[in-house]
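# A look at the structure
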Amino acid sequence: MTATYTFDVFSSLDGFGSHSGNWGGYWGKQGPELLEHRLALYGEEQRMVFGANTYRIFAQMLASSTDESEGRDPWVTRMRNLPASVVSTTLQGPLDWPDATVVSGDAVDVVARLKEESEVPLRSHGSLSMNRALMAAGLVDRVQVTLFPVITGQTGVDPIFRGAADFDLELIESRTLDGHTQELTYRPTLHV
């Protein structure tokens, strides 16, 4: 039995994963329902999978935050305490993450092996280029997009699906959080 792999990503309505403006974290749209839902989501047993760049961003963000600061919402602390595999050809351990290991090699090969070997679901938050490659290889079982009610036409950074293959998406779950943020979970299949 293979483990389920979820690509979990935050997005503006126009498809950006982050911004360079003065929006703040979550584009300033987080509410208690979103934060409680994220905490419950990351309370489940699972293994995180990160690319090297995303790992570096998270490690830097967490090193400069405290448990009470915006970057340290309880779900982020819980995510950091989950076992993690960091796919990299440049990083070497030990990593500044409680239960993380560096796995060297091509992400497609590494994740295919993890899916076969893991007894728990796999989840990746961010790691855009790695997850685009994994989607193209048919290794992503679920794309979970948390869609914030903003358009970042001037300040948007990191277009989530730029350069991705074409996919048909089957909606398998949806919810509205705090009356304005959508969480949409899809099953992707390569469009041929």
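Residues numbered from 1 in each chain as written. Predicted model: local features only at pLDDT ≥ 70, side-chain atom pairs only at ≥ 80, totals over all residues. Heavy atoms only, no water.

## A look at the sheet that holds strand β3 (residues 47-51)
Ordered by their spatial adjacency, 8 strands build an open sheet running β5-β4-β3-β6-β1-β7-β10-β9, and the pairing between neighbours is mixed. Edge positions in the sheet fall to β5 (100-103) and β9 (167-177), since each of these pairs with one other strand and no more. Strand after strand, the sheet turns through a mean of 25 degrees between neighbouring axes, direction not considered. On the sheet, helix α5 (residues 128-136) packs against β1 (5-12), β3, β4 (84-87), β6 (122-125), β7 (142-148), β9 and β10 (181-190) and is oriented at approximately 130 degrees with respect to β1. (Pairing = 2+ DSSP bridges. Helix = DSSP H or I, 4+ residues; strand = E, 2+ residues; numbered from the N terminus. Axes fitted to C-alpha atoms, helices over the stretch in contact; angles between N-to-C directions. Contact = heavy atoms within 4.5 Å.)

## Considerations on the packing of aromatic side chains
If you walk through the whole model with that rule in mind, you get 11 aromatic pairs. Both rings, one in phenylalanine 7 and one in phenylalanine 161, keep their centres 6.2 Å apart while their planes meet at 75 degrees; by these two values the pair is edge-to-face. Remark: phenylalanine 161 occurs in the loop between β8 (156-159) and β9 and phenylalanine 7 occurs in strand β1; sequence separation between them is 154 residues. These aromatic residues form a ring-pair network of at least three members: Phe10, Tyr26, Trp27, Tyr42, Trp75 and Phe148. When the ring centre of tryptophan 75 is taken as reference, the NZ or CZ atom of arginine 38 above it lies at 4.5 Å. Between the NZ or CZ atom of arginine 80 and the centre of the ring of tryptophan 97, over which it lies, the distance is 5.7 Å. (Phe/Tyr/Trp six-rings, centres within 6.5 Å; stacked < 30°, edge-to-face > 60°. Lys NZ or Arg CZ within 6 Å of the ring centre and 35° of its normal.)

## Quick notes on the pattern of salt bridges
If you walk through the whole model with that rule in mind, you get 7 salt bridges. A salt bridge links arginine 38 to aspartate 8; the nearest nitrogen and oxygen atoms lie 2.8 Å apart. Of this pair, arginine 38 sits in helix α1 (residues 32-41) while aspartate 8 sits in strand β1, and the two are 30 residues apart along the sequence. Accessibility assignment for this pair places arginine 38 and aspartate 8 in one class, buried. Note that glutamate 183 is salt-bridged to arginine 175, the shortest N-O span being 3.2 Å. Through salt bridges with shared partners, one network takes in Asp8, Arg38 and Arg123. (Salt bridge = Lys/Arg side-chain N within 4 Å of Asp/Glu carboxyl O. Buried < 20%, exposed > 50% of the residue type's maximum accessible area, 1.4 Å probe, protein only.)

On their own, these measurements won't tell you what the molecule is for.
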